[in-house]
Amino acid sequence: MNIYDYGSTYKAGDIVYVLYRNPHTQNVANIQSAAIVQDPENDGGLSIFLYDNYYPLTDEVAVYATEAEAEEAYQYYFGDM
């Protein structure tokens, strides 16, 4: 279940799972754990902290509450792990 109502679903400190494409090899995607944190550029907003970078927490990012949900989505979009 990909959750789109992020403001009421997640809070700073939560660990989530995202489908992350390797920026150097676009045909490679992985499931990666990430932290929900206070957005340093948007007071009161939330961001995803992944690989020492902040990403906006929007419905354009595939965010899953559990690793099992992320694995199911990965299988659907990319096939066998």
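Where an unreviewed UniProt entry is consulted, the protein chain appears under the name Transcriptional regulator SplA, with the organism given as Falsibacillus albus.

Here the focus is the overall build of the protein chain. When helices and strands are counted, the protein chain shows 2 helices and 5 strands. Counting helices and strands in the order they occur from the N terminus, the protein chain gives α-β-β-β-β-β-α. Within the protein chain, the proportion of its 81 residues that are buried is 32%. Summarising the internal contacts of the protein chain: among those between residues at least 6 apart in sequence, 45% fall at separations of at least 24. Summed over all atoms, the accessible surface of the protein chain reaches about 5400 Å², with 47% contributed by carbon and sulfur.

Turning our attention to the pattern of salt bridges. Under the criterion given, the structure shown has 1 salt bridge. Among the salt bridges present, the one from Lys11 reaches Asp14, with a minimum N-O distance of 3.1 Å. Residue Lys11 is classed as exposed on the basis of its relative accessible area of 54%. For Asp14, a relative accessible area of 17% gives the class buried.

This brings us to the confidence of the model for the protein chain. Summing up the model confidence of the protein chain, the mean pLDDT is 84 and the portion of residues at 70 or higher is 88%. Strand β2 (residues 29-38) holds the highest mean pLDDT among the elements of the protein chain, 94, whereas helix α1 (residues 6-9) holds the lowest, 60.

Our focus in this paragraph is the nonpolar core. Counting residues in each nonpolar core, the largest one holds 11 residues, listed as Tyr10, Val16, Val18, Tyr20, Ala34, Ile36, Leu46, Ile48, Leu50, Leu57 and Val63. Once residues within four sequence positions are removed from consideration, Val16 is found in contact with Tyr10, Gln32, Ser33, Ala34, Ile36, Val63 and Tyr64. Counting 8 residues, the second-largest nonpolar core is a separate cluster that includes Leu19, Ala29, Ile31 and Tyr74.

Parameters and conventions
Residues numbered from 1 in each chain as written. Predicted model: local features only at pLDDT ≥ 70, side-chain atom pairs only at ≥ 80, totals over all residues. Heavy atoms only, no water. Helix = DSSP H or I, 4+ residues; strand = E, 2+ residues; numbered from the N terminus. Buried < 20%, exposed > 50% of the residue type's maximum accessible area, 1.4 Å probe, protein only. Contact = heavy atoms within 4.5 Å. Areas by Shrake-Rupley, 256 points an atom, 1.4 Å probe, with all protein chains shown as cover. Salt bridge = Lys/Arg side-chain N within 4 Å of Asp/Glu carboxyl O. pLDDT = per-residue confidence, 0-100. Core = buried A, V, L, I, M, F, W, Y, C linked by side-chain atoms within 4.5 Å.

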